[in-house]
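Residue-level listing of the chains:
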Amino acid sequence: MAVTDVIGGSGRRGSGGSWRNWAGNVTACPARTVAPASAEELAAAVRTAAADGLTVKAAGTGHSFTPAAATDGLLIRPERLTGIRRIDRAAGTVTVAAGTPLKVLNRTLSAHGLSLANMGDIMEQTVSGAISTGTHGTGRDSASIAAQITALELVTADGSVLRCSAEENPEVFAGARLGLGALGVVSELTFAVEPEFLLTAREEPMSFDEVTGRFDELAAENEHFEFYWFPHTGNCNTKRNNRSQGPAAPPGRVSGWIEDELLSNGVFQVACAMGRAVPAAIPGIAKISSRALSARTYTDIPYKVFTSPRRVRFVEMEYALPRAAAIEALGELKALVERSDFKVSFPVEVRTAPADDIALSTASGRETVYIAVHMYRGTPFQAYFGATERIMAAHEGRPHWGKLHTRDAGYLAEVYPRFGEFTALRDRLDPERRFANGYLRQVLGD
Ligand SMILES: Cc1cc2nc3c(=O)[nH]c(=O)nc-3n(C[C@H](O)[C@H](O)[C@H](O)COP(=O)(O)OP(=O)(O)OC[C@H]3O[C@@H](n4cnc5c(N)ncnc54)[C@H](O)[C@@H]3O)c2cc1C
């Protein structure tokens, strides 16, 4: 086991051994840092921390905007707990070490002619970090990454290694698939996978009125529908991804680079920096940039269609709303931006998910629409996010566990019918709160 007092690799190296997340809005000073390479090393690290009276927190790549992975105790880093462990073609499953980055999982699956059914916008995160906060993409029938797990291995507070699935320790599996790091440290995950398929993506600008008026139809007709609304304008960009027989027709190298790197990252970075320097220019920039979009269609393997690089740093809040409330809430958000002085250079992202059966999933037991607001890093975001949060909370919204919010355990117990089931499991598995941190005290209580 590597024991270090300076942090390298994923997550961020801060000064003096501190830890910093991707967005740079969370820092922490762990007392000690370890990078175990196996469940046995992990269990030994948890036992030693307990003997020394330290709390324990595993971090992924620090892509959460909330202080979910922050600790002043023992920080467990992911970089040596990586790799594909088993591929079972007959069962349609792949087992990976918990610190494996999603990009390694996706590329390895593709090399074996396999794929996950659905995924989020990027693939930098670790598999364990992604599931622990409920990372999701958009889907009519297929749900979050956690919903694609069939088994996991968990190192619990007493240092034992627990295997869980629908058959083995099913009540632990029900919680630990999306466990916020509160139940133990995940050491291994098994995903349901399928033969690799092709997706045809159709991106098309559409007015706000048209996309909100046709939302039910667009979400029902497409396997993966999402759209972005550009604040200060009536313009949206829609994206429809559907399985296709092929042939593959990826974006051309030049046009793909123009869309994904130049416009989405390079030019966007410059526009955001200009807007930060001169906020009054943001509405004008938004009108020009939202009109610069053009329709395009391409066909490629899943991770190349679902994910893309995000190099412009931002902070984000995302709420999961009951499907029936979403368009009304979005209309309220648009009216809020129109009547306020907020200057918002980032589009608002709208995605969907079917109901799932995971206790703390933002889509637990209800068909869901996600509404996400973003602000360029270094821009005041509190007033905009605070006003947005009031709208979302009035519609019984559930905040993404990895994205900024101010909700506490009292509120969350109201909007999650199975909240008590999860906290009872926590009381059983971690009575001494070995895995506690400030964020868990906020969202789950002491
Ligand atoms: C640019 C960007 C794009 C994003 N896109 C999306 C998106 O499309 N959809 C979406 O839903 N979210 C998205 N997110 C949010 C992100 O997916 C989540 O916050 C995710 O949890 C980050 O994973 P991570 O590996 O960085 O974990 P971290 O942020 O480091 O940790 C997250 C949580 O997981 C816990 N954890 C990590 N490893 C373990 C382990 N082995 N055992 C137990 N607990 C563990 C940590 O303690 C912490 O509580 C995005 C974030 C960014 C910055």
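Because the structure is a prediction, the values reported are computed rather than measured.

**Student:** In this structure, what is going on with the state of the cysteines? I would like to understand it.
**Tutor:** Every disulfide links exactly two cysteines, by a covalent bond between their sulfur atoms. Under the defined criterion, the tally for this structure stands at 0 disulfides. Here Cys 236 is not cross-linked by a disulfide; its sulfur's nearest cysteine counterpart is in Cys 272, at 18 Å.

**Student:** How should I be thinking about empty space enclosed by the protein in this particular structure?
**Tutor:** By rolling a water-sized probe across the atoms, one finds the places where empty space is left. The tally for this structure, following the rule as stated, stands at 2 cavities of 30 Å³ or more. Among the elements of the structure, strand E17 (235–244) and helix H9 (302–306) are those that each provide at least two residues to the lining of the largest cavity. The residue makeup of the lining of the largest cavity, split by class, is 3 nonpolar, 5 polar and 4 charged. When we break the lining of the largest cavity down by domain, the ones giving at least three residues each are domain 2 (84–196) and domain 3 (198–300 + 312–399). Approximately 40 Å³ is the volume attributed to the second largest cavity.

**Student:** In this structure, what is going on with the site of the ligand? I would like to understand it.
**Tutor:** Neighbouring residues of the ligand: 36 residues in total, closest Ala 58, His 63, Ser 64, Gly 129 and Thr 133. Measuring from an oxygen atom of the ligand, one finds a backbone N or O atom of Ala 58 at 2.6 Å. The separation between an oxygen atom of the ligand and a polar main-chain atom of Gly 129 is 2.7 Å. For the ligand, whose unbound accessible area comes to 980 Å², protein coverage reaches 98%. Mapped by element, the contributors of at least two residues to the shell around the ligand are strand E6 (56–58), helix H3 (127–132) and strand E13 (185–192). Considering each element in turn, the shell around the ligand owes the most residues, 4 residues, to H3. Looking at the shell around the ligand residue by residue, the class counts come to 12 nonpolar, 19 polar and 5 charged. Per-domain counts for the shell around the ligand show at least three residues from each of domain 1 (2–76) and domain 2 (84–196).

**Student:** Got a minute to help me understand helix H1 (residues 39–51) in this structure?
**Tutor:** An α-helix turns once per 3.6 residues; consequently, residues spaced three or four apart project the same way. Taking 1.5 Å of rise per residue, 13 residues should cover 18 Å, and H1 covers 18 Å from first to last C-alpha, within 8% of that figure. Here the buried face of H1 lies against strand E5 (32–35), E6, strand E7 (74–76), strand E11 (149–155), strand E12 (161–165) and E13. Looking one or two residues beyond H1, the residue adopting positive phi is Gly 53, at roughly 75 degrees.

**Student:** Please clarify how the pattern of salt bridges should be interpreted in this entry.
**Tutor:** In a structure, side chains of opposite charge can pair up when their charged atoms sit close to one another. One pass over the full model with this rule turns up 31 salt bridges. Arg 323 is the salt-bridge partner of Asp 216, the closest N and O atoms lying 3.4 Å from each other. Of the two residues, Asp 216 sits in helix H6 (residues 215–221) while Arg 323 sits in the loop between strand E19 (314–322) and helix H10 (326–339), which places them 107 residues apart along the sequence. Residue Glu 316 pairs with Lys 403 through a salt bridge whose shortest N-O separation is 2.8 Å. Taken together, the residues span a long stretch of sequence, with Glu 316 in strand E19 and Lys 403 in the loop between strand E22 (398–399) and helix H12 (409–415) at a distance of 87 residues. The class of Glu 316 is buried, set by a relative accessible area of 5%. Lys 403 gets classed as buried once you look at its relative accessible area, which sits at 10%.

**Student:** Explanation requested: the packing of aromatic side chains in the structure shown.
**Tutor:** Two aromatic rings are characterised by how far apart their centres lie and by the angle between their planes. On inspection of all chains with the given rule, the structure shows 12 aromatic pairs. Measuring from ring centre to ring centre gives 6.2 Å for Trp 22 and Phe 65, while their planes differ by 90 degrees; the resulting arrangement is edge-to-face. Placement of Trp 22 in the loop between strand E3 (19–20) and strand E4 (27–28) and of Phe 65 in the loop between E6 and E7 is noted, with a sequence separation of 43 residues between them. The residues Trp 22 and Phe 65 share a single accessibility class, namely buried. Here Tyr 384 and Phe 385 contribute two aromatic rings whose centre-to-centre distance is 5.8 Å and whose plane-to-plane angle is 50 degrees, an arrangement assigned as tilted. Like Phe 385, Tyr 384 is buried. Here the aromatic residues Trp 22, Phe 65, Phe 314 and Phe 346 are joined through ring pairs into a cluster of three or more. Positioned above the aromatic ring of Tyr 411, the side-chain terminus of Arg 407 is 4.7 Å from the ring centre.

**Student:** Even after reading the chapter, I still don't get the packing of H10 against helix H11 (residues 382–394), so can you show me in this structure?
**Tutor:** A pair of packed helices is characterised by two quantities: the angle between their axes and the separation of those axes. The geometry of H10 relative to H11 is characterised by a closest axis approach of 10 Å and an angle of 150 degrees between their N-to-C directions. Of the possible angle classes, the one that applies to H10 and H11 is roughly antiparallel. Pair H10 / H11 crosses with right-handed handedness. Contact with H10, carried on its side by Ala 329, Glu 332, Leu 333, Leu 336 and Val 337, involves Tyr 384, Ala 387, Thr 388 and Ile 391 of H11 and no other residues of that element. Split by residue class, the contact of H10 with H11 holds 7 nonpolar, 1 polar and 1 charged.

**Student:** I'm lost on the side chain of Thr 126 in this one. Help?
**Tutor:** Among the secondary structure elements, Thr 126 is positioned in the loop between strand E10 (114–115) and H3. Of note is the side chain of Thr 126, whose polar atom sits 2.9 Å from the backbone nitrogen of Gly 129. Ignoring sequence-local partners within four residues, the contact set of Thr 126 consists of Gly 60, Thr 61, Pro 78, Ala 98, Gly 99, Thr 100, Pro 101 and Leu 102.

About the cut-offs
Positions within a chain are numbered from 1, following the residues in the order the chain's sequence is written. A pLDDT threshold of at least 70 governs which residues receive local features in this predicted model, and a stricter bar of 80 or more applies before side-chain atom pairs are shown or counted, although totals over entire chains, interfaces and linings include all residues. Where side-chain values are given, they derive from all heavy atoms of the structure, hydrogens and water being excluded. Only a pair of cysteine sulfur atoms within 2.5 Å qualifies as a disulfide here. Think of a 1 Å grid over just the protein atoms. A cavity is a set of points where a 1.4 Å probe fits yet cannot get out, a pocket is an open set with protein on both sides within 12 Å along at least five of seven lines, and lining residues have an atom within 4 Å of a point. Grid points are joined across faces, edges and corners, and a volume is the space filled by probe spheres set on the points. Secondary structure elements are taken from DSSP: a helix is a run of H or I of four residues or more, a strand is a run of E of two residues or more, and numbering for both begins at the N terminus. Side-chain classes follow a simple rule in which Ala, Val, Leu, Ile, Met, Phe, Trp, Tyr, Cys and Pro form the nonpolar group, Asp, Glu, Lys and Arg form the charged group, and the remainder, Gly included, forms the polar group. Note that domain bounds follow an automatic or database assignment of domains. In these notes, residues near a molecule or strand are those with any non-hydrogen atom within 4 Å of it. Counted as a polar contact is a pair of N or O atoms within 3.5 Å, where, for protein atoms, one must be capable of donating a hydrogen and the other of accepting one, and residues adjacent in sequence contribute only when both atoms are in side chains. Residue-level accessible areas treat just the shown protein chains as cover; the underlying method is Shrake-Rupley with a 1.4 Å probe. The span you would expect from a helix comes to 1.5 Å times its residue count less one. Any two residues having at least one pair of non-hydrogen atoms within 4.5 Å are treated as being in contact. Definition used for salt bridges: Asp or Glu carboxyl oxygen within 4 Å of a side-chain nitrogen of Lys or Arg. Relative accessible area decides the class of each residue, using a 1.4 Å probe on protein chains only: under 20% of the type maximum gives buried, over 50% gives exposed, and in between gives partly exposed. Stacked, edge-to-face and tilted labels apply to pairs of Phe, Tyr and Trp rings (six-membered ring for Trp) whose centres lie within 6.5 Å, assigned for plane angles under 30 degrees, over 60, and everything in between, in that order. Cation placement over rings: the criterion is NZ of Lys or CZ of Arg within 6 Å of the ring centroid and within 35° of the ring normal. A fitted line through C-alpha atoms serves as each axis, taken over the contacting stretch for helices, and the angle formed by two N-to-C directions is quoted from 0 to 180°. Angular relationships are summarised with four words: roughly parallel below 35 degrees, roughly antiparallel beyond 145, roughly perpendicular across 65 to 115, and oblique for the angles in between. By convention, the crossing between two helices is left-handed when the near helix turns anticlockwise from the far helix through less than a right angle, and right-handed when the turn is clockwise.

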